[in-house]
Amino acid sequence: MRPFTYERVRTPSEAAAAAQRPGARFIAGGTNLLDLMKLQIEAPTHLVDVNHLGLDRIEETGEGGLRIGALVRNTDLAADARVRRDYAVLSRALLAGASGQLRNKATTAGNLLQRTRCPYFYDTAQPCNKRQPGSGCAAIGGITRQLAVIGSSDACIATHPSDMAVAMRALDAIVETIDGEGGERRIPIAEFHRLPGDTPHLDTTLRSGEFITAVTLPAPVGGRHFYRKVRDRASYAFALVSVAAIVQPDGSGRVALGGVAHRPWRVEAAEGELPRGARAAMVAILDGARPTHENAFKLRLAERTLAGVLDEARS
Amino acid sequence: MKFDTPATSNPIDQLKVVGRPTTRIEGPLKTTGRAPYAYERHDVAPNQAYGHVLGAGIGKGRVVSMETDAARAAPGVIAIVTTLDMAQLPKGKMNTAFLFGGAEIQHYHQAIAVVVAESFEQARDAAGLIRVEYARGEGRFDLTAARPQAKPVDADGKQASAEEADERVGDFEGAFARAEVTLDESYTTPDESHAMMEPHATIAAWDGGKLTIWTSTQMVAWWRRDLAITLGLKPEDVRVDSPYIGGGFGGKLFLRADAVMAALGARAAGRPVKLALARPQVANNTTHRPATIQRIRIGAGRDGRITAIAHESLSGDLPDGQPETAVSQTKLLYAGANRLIAMRLAELDLPEGNSMRAPGEAPGMMALEVAMDEMAERLGLDPVEFRILNDTQVDPSDPSRPFSQRQLIRCLREGAERFGWAQRNASPGRQRNGRWLTGLGMAAGFRNNLVVKSGARVRLGTDGMVTVETDMTDIGTGSYTIIAQTAAEMMGVGLDRVRVRLGDSDFPVSAGSGGQFGGNSSTAGVYAACVKLREAVAQRLGFNAADASFSDGEVRAGNRRVKLEEAAAAQELVAEDRIEFGDLSKRFQQSTFAGHFVEVAVDAFTGEVRVRRMLAVCAAGRILNPISARSQVIGAMTMGVGAALMEELAVDKRHGFFVNHDLAGYEVPVHADIPQQEVVFLDETDPVSSPMKAKGVGELGLCGVGAAVANAIYNATGVRVRDYPVTLDKLLEGLPDIV
């Protein structure tokens, strides 16, 4: 861990202003950033502690939705009665992630901003375009079982590890931000996480110093909510494939996938295929996939996982 | 004490203390944080500095240069020792890979520097500032590709011609060709990591030319000798202290870089140094269980009797390394007049392969017991009955050599009865309950029983306390407790009158912990020392030792009773001895047996496997402490589930390293993966094994579990997976078409 300076800020605009300093990073729960700092994958010179901004409430919006403060802990968000009732896919996704201890610390904004778990990203002796732009990608041609099957590039095949973000993608969440000049933005979750392209070191479309204040959920859409996370052990592992689904009584619905791409993967245009079943839907959702020999099973797995969800939805 | 004839009755047979369920005597210290592990020995040496080890970033090649100026100038840095500062250090007797020194890189994360600083964070930060230039070499990282260059090795791991190395009985090829029903299949097991909770950790301090390390080792005497060799010291100038160990599983049998680097760092810094290997270094800097490619052929008559059996195994290791002896159980487990056993060893440039819990049998049984399941199906026999039909009470290669005890059939019958095996549907893939496909599987359990000479010193203090001193280790297995039970039984006192001191090289050399030989061997050594102490007590109190009995804190003979402590009232009595084993292990085959039974459910959509029930019925001689023995077996069963379903060090065959080198990437079972586990011990004594009449049990609990899981998955799904681990991607294609 490199030496760093630390400051605690009191308001969101103060946070955004403090982040203008070169080498600054926000810290909230620290469940990912501190690990990365210990391994010198991240080496901020200045930490801006945003834990005391009061952004820890879940409020109803005028449009009938929920506004989730950036610092609401994952545990609290998953347990919120309104979330459990109207956005069960989100509650289930949260509880499928990490461990109880980690969820107690991890925040809503921090969860969106967690870095990939690609093993080559974590080994500083290996080239990684995400960790060190331009150094190359050791994962391509290497051990890729966990890595992306779609939306990847010749520079990066990492996946985004969040479960929460997959549910939020299915819910059409909006990420609210403020910048150092006080300017506010509302970023649809679909536009928040990036594909790697030739700039895989950029995970999101946030601008330098831009600070997340809240995530807003639109009014509930009803339907039955599922979050099905498939992994190599029963708990405490990242998804091979996860399916967030909201299925309406008429068989229509929404589907977002985790574990397959650099961002939560949803193809709205493909959702019209849902009433025709999992195979038809998944062929459309995963159109253009470029899996490796090691992770091609994820295509079949995604299809079968969705089939299980649809089977349960019918029961 | 020489043990060369089977035990007759002795004081242990009283079973007043031994054999009783006894909670760990050091348990309260551990649960309250007062049992200090190696990295926590803050009090043993003043002014400790912190070390951090830098590992090589290539799998094979040379270090061309190391730029350390920035690191040396970093805050808090006291000293840096790099591998270019010295020639390659000599290897200890038990080491395959060189641990430090010189420019040559044998494997990834080989130690190439230690940075010593005032704080842990400073040491780690500075290590990251060292710039290393490498010249990459061509490495051999792919076991399959290395097969053509693999050499025959004999049972002792020595290279020989195939004629000399391969073990043949009868005419395997002829009998296999004539057999009415045959099987010829290949199975693979991956590289596995010990993944113990406590990483390798050492505090080192020099006093002139004398070195003390407070460390975490399974084998105190081996570490002392090999650290002395490596650093060019006399063994008597090295002291090793390791009273508490947070798991080893074979990963702490042999001297490791933590001890060498702490010692070198402390010498350079002129201060005691503590360091631990970082978690990512455990996989690539230390040792692992090597991958195997195994071929099994079985031929049988339609009556189900095996006439021919062959087991061949290929594994790899660094030059001068050892094979994974995955064939060893196949020499002994089943009858059959015509046999072939063969091992091939390829040179690889991956990190050192070496012992991990039940080396040989653990991966060997994963293959053999699936082959037996497949063969039973081809014969139309129940898998339990097929095994029973082919039981042998003698060494199949030398029928004059009986097993000392062999109750495999009872283990299987009792296990089948308790588990409800009769309910199993012999046709695979037929049991469906909602989204779950369910199935039952079983396997025999087999692990040889090893005995190793073991010493102890026993003191009867002026306060009447009995103190045992031995360099035996307790790696979480319960050694403290069974040693206390042994001394209490022998001296006729309660456990509250016994103290046990372990893991110090100043104490008599013991068997140490490994190969499931530690429990039986070390308590037998304590038995021997207690026999001597009883003689000394009898002599001082004026008893004839042969007539005296020791119980309830008294020494008794005829009508005379004297309190034990009176023998030492004026002066402490000290006795020391060791148990040495004669040729009983040659005259008798000593092994341990089990029946493993598993029920699984497999998600018909996703292929996720959930183990629902597990049972092990074990026959392993006298069980010295049913509580800690059960704990050993359920831990081993858990490890077996890991091996069956998820554990695999993923080899990057281009760069030569294990990629998933942390506990997020190398998955072991979590609580949610492990169901109800039942363990049954048959009531058994084996007087051939030792005066304790006990055997090893900690590895038996692992051997066969993986195959039982794989067989249950086959029964549930109809998909036969022969490449471990059985992850869901290997099942998907064979699951019902339900999309």
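Residues numbered from 1 in each chain as written. Chains lettered and ligands numbered in written order. Predicted model: local features only at pLDDT ≥ 70, side-chain atom pairs only at ≥ 80, totals over all residues. Heavy atoms only, no water.

(A) Structural detail: the interface of chain B and chain A. The interface is formed by 40 residues belonging to chain B together with 40 residues belonging to chain A. Summing both partners gives a buried area of about 3,300 Å² for chain B against chain A, and 53% of it is carried by carbon and sulfur. Where chain B touches chain A, the interface holds six salt bridges. Between Asp737 of chain B and Arg279 of chain A there is a salt bridge, and its shortest N-O distance comes to 3.7 Å. Taken together, the connections running from chain B to chain A amount to 18 residue pairs in polar contact (both at pLDDT 80 or more). No other element matches the three residues that helix H3 (residues 120–127) of chain B contributes to the side of chain B that touches chain A. In terms of residue class, the side of chain B that touches chain A is made up of 20 nonpolar, six polar and 14 charged. (Contact = heavy atoms within 4.5 Å. Buried area = accessible area lost by both parts, 1.4 Å probe. Salt bridge = Lys/Arg side-chain N within 4 Å of Asp/Glu carboxyl O. Polar contact = N/O pair within 3.5 Å; in protein donor to acceptor, adjacent residues only side chain to side chain. Helix = DSSP H or I, 4+ residues; strand = E, 2+ residues; numbered from the N terminus. Nonpolar A, V, L, I, M, F, W, Y, C, P; charged D, E, K, R; others polar.)

(B) Highlighting the domain arrangement of chain A. Parsing chain A into structural domains produces domain 1 (5–51) and domain 2 (224–314). Distance between the C-alpha centres of domain 1 of chain A and domain 2 of chain A: 35 Å. (Domains from an automatic or database assignment.)

(C) Seen up close, helix H13 (residues 479–491) of chain B. All names here are of chain B. The end-to-end C-alpha separation of H13 is 18 Å, in line with the 18 Å expected for 13 residues at 1.5 Å each. Within H13, 13 of the 13 residues are buried, which leaves it mostly tucked inside the rest of the structure. Count one or two residues on from H13 and you reach Gly492, which has phi positive near 70 degrees. (Expected span 1.5 Å × (residues − 1). Buried < 20%, exposed > 50% of the residue type's maximum accessible area, 1.4 Å probe, protein only.)

(D) Local environment of the sheet that holds strand S33 (residues 676–681) of chain B. All names here are of chain B. Across the sheet, five strands lie side by side as S20-S21-S29-S30-S33; this open sheet has mixed pairing. Each end of this open sheet is capped by a strand with a single partner; those strands are strand S20 (432–433) and S33. Of the pairings in the sheet, the one linking strand S29 (residues 591–603) to strand S30 (residues 609–619) comprises ten bridges and is antiparallel in character. Following the sheet pairing, Gly595 is matched in S30 by Val617. Together, S30 and S33 form the strand contacts of helix H16 (residues 626–645), whose direction differs from that of S33 by roughly 130 degrees. (Pairing = 2+ DSSP bridges. Axes fitted to C-alpha atoms, helices over the stretch in contact; angles between N-to-C directions.)

(E) Spotlight on unusual backbone geometry. All names here are of chain B. The omega angle of the peptide bond from Tyr724 to Pro725 is -5 degrees, so this bond is cis rather than trans. In this fold, Pro725 is placed in the segment after helix H17 (705–717). You will see that Asp552, though not glycine, has its phi angle at about 50 degrees, which is positive. Locating Asp552 in the fold gives a position in the loop between strand S25 (549–551) and strand S26 (554–557).

(F) How the structure looks around the UniProt feature "domain: Aldehyde oxidase/xanthine dehydrogenase a/b hammerhead" (unreviewed entry) in chain B. The UniProt record marks residues 32–138 of chain B with the feature "domain: Aldehyde oxidase/xanthine dehydrogenase a/b hammerhead" (unreviewed entry), using the residue numbering of this structure. For residues 32–138 of chain B, helix accounts for 11% and strand for 33%, while the C-alpha atoms at its two ends are 51 Å apart. (UniProt positions renumbered as here; feature names shortened; annotations may be inferred.)

(G) Representation of the sheet that holds strand S5 (residues 66–69) of chain A in the model. Residues and elements named next belong to chain A. On the basis of which strands lie adjacent, the open sheet formed by five strands has the order S4-S5-S8-S6-S7 and antiparallel pairing. For this open sheet the edge positions go to strand S4 (58–60) and strand S7 (184–188), each flanked by a neighbour on one side alone. Pairs of neighbouring strands in the sheet enclose a mean axial angle of 25 degrees, with direction left out of account. Inspection of the sheet shows strand S6 (residues 174–178) paired to strand S8 (residues 211–217) by five bridges, in the antiparallel sense. Paired with Val175 across the bridge in S8 is Val215.

(H) Just the environment of Ile178 of chain A, in detail. All names here are of chain A. Inspection of the secondary structure puts Ile178 in strand S6. Residue classification places Ile178 among the buried positions, given a relative accessible area of 11%. Between the C-alpha atom of Ile178 and that of Gly69, which follows or precedes it by 109 residues, the distance is 13 Å. The contacts of Ile178, once residues within four sequence positions are left out, are Pro12, Ser13, Ala16, Gly183, Glu184, Gly209, Glu210, Phe211 and Thr213.

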